[in-house]
Amino acid sequence: SSSSSSSWVNARNTPNNGYSRQSQFDCINSAVPKPNCWKADQWICLTRDHTQAIATLSRSLPLPLWRCFTDTRASDELYFPTALGLLGVLDSEAATARGDIKHRRITYADWSMSARNPASFVAKDLTEVHRLATEEGCLVARKFRPDPQDLTVEFWRAVVVGEDDNEEEEEAEEEEELQVEDEEEEEFAEDHSEE
């Protein structure tokens, strides 16, 4: 794999708090060796090569890998990184050096208030959250509370995409004005070409 084809997996192989240890790492079936147990953010991005390797991994194990997580909490945070650990991808500094793995998160979330749940944002936070997420190279952000009157698609587009409905209207008006000017110039040229 080249650096242009990297899986984004913000993973660790040690619990970061008591909940993570007791409800996640300690509950993974013992069929998975402890050094291969990994946890990542809920959202990850895998290359085709890593996805195919994970899809065929269970064939080489004594039981289907998913069964090793039936007693864990947030098994979606454990399954894929542990599979990559079993494949020897995550524990390899060489994989990071080659660019196969980028230890970065896809989703911006503010965990500073609680280890169990990220902070919730409202529409007025969008500009700052967008700035922070962009600085970290995140593709999405969470967790926004329902705010149907303030957090509209138009507002989101204005902040995130940089589009403003007023800008589109202004561009359309400018285009129309230029078209009228072109038509007037053509008429003038026609009128004066006959002379």
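See the structure above.
The structure displayed is predicted, hence computed values, not measured ones.

Calculation criteria
Residues numbered from 1 in each chain as written. Predicted model: local features only at pLDDT ≥ 70, side-chain atom pairs only at ≥ 80, totals over all residues. Heavy atoms only, no water. Helix = DSSP H or I, 4+ residues; strand = E, 2+ residues; numbered from the N terminus. Salt bridge = Lys/Arg side-chain N within 4 Å of Asp/Glu carboxyl O. Buried < 20%, exposed > 50% of the residue type's maximum accessible area, 1.4 Å probe, protein only. Contact = heavy atoms within 4.5 Å. Polar contact = N/O pair within 3.5 Å; in protein donor to acceptor, adjacent residues only side chain to side chain.

Here's the deal with unusual backbone geometry
Okay, so step 1: The phi dihedral of Ala74 falls on the positive side, at around 55°, and the residue is not glycine.
Okay, so step 2: Inspection of the secondary structure assignment puts Ala74 in the loop between helix H2 (48–57) and helix H3 (79–86).

Side note on the pattern of salt bridges
Okay, so step 1: For the structure shown, the criterion picks out 4 salt bridges.
Okay, so step 2: Of the charged contacts in the structure, one is a salt bridge between Arg131 and Glu128, with a shortest N-O distance of 2.5 Å. Of the two residues, Arg131 and Glu128 both sit in helix H5 (residues 126–136), 3 residues apart, roughly one turn of that helix.
Okay, so step 3: With relative accessibility at 37%, the residue Arg131 sits in the partly exposed group.
Okay, so step 4: Here Glu135 makes a salt bridge to Arg131, at a shortest N to O gap of 2.4 Å. Here Arg131 and Glu135 lie together in helix H5, a separation of 4 residues that amounts to about one turn.

Structural notes on H3
Okay, so step 1: Counted residue by residue, H3 has 6 buried out of 8 residues, so it is predominantly covered.
Okay, so step 2: As for H3, its buried residues are in contact with strand S2 (11–12), strand S3 (39–40), H2 and strand S4 (101–102).
Okay, so step 3: Phi turns positive one or two residues past the end of H3, at Gly88, with a value near 80°.

Some details on the environment of Thr72
Okay, so step 1: With respect to the helices, strands and loops of the structure, Thr72 is situated in the loop between H2 and H3.
Okay, so step 2: Under the relative-accessibility criterion, Thr72 is labelled buried at 12%.
Okay, so step 3: It is 5.7 Å that separates the C-alpha atoms of Thr72 and Ser23, two residues lying 49 residues apart in sequence.
Okay, so step 4: Beyond its immediate stretch of four places on either side in the chain, Thr72 contacts Ser23, Gln24, Cys27, Ile28 and Leu78.
Okay, so step 5: One polar contact links the side chain of Thr72 to the main-chain carbonyl oxygen of Phe69, over a distance of 2.8 Å.

Just distances and angles here, no functional claims.
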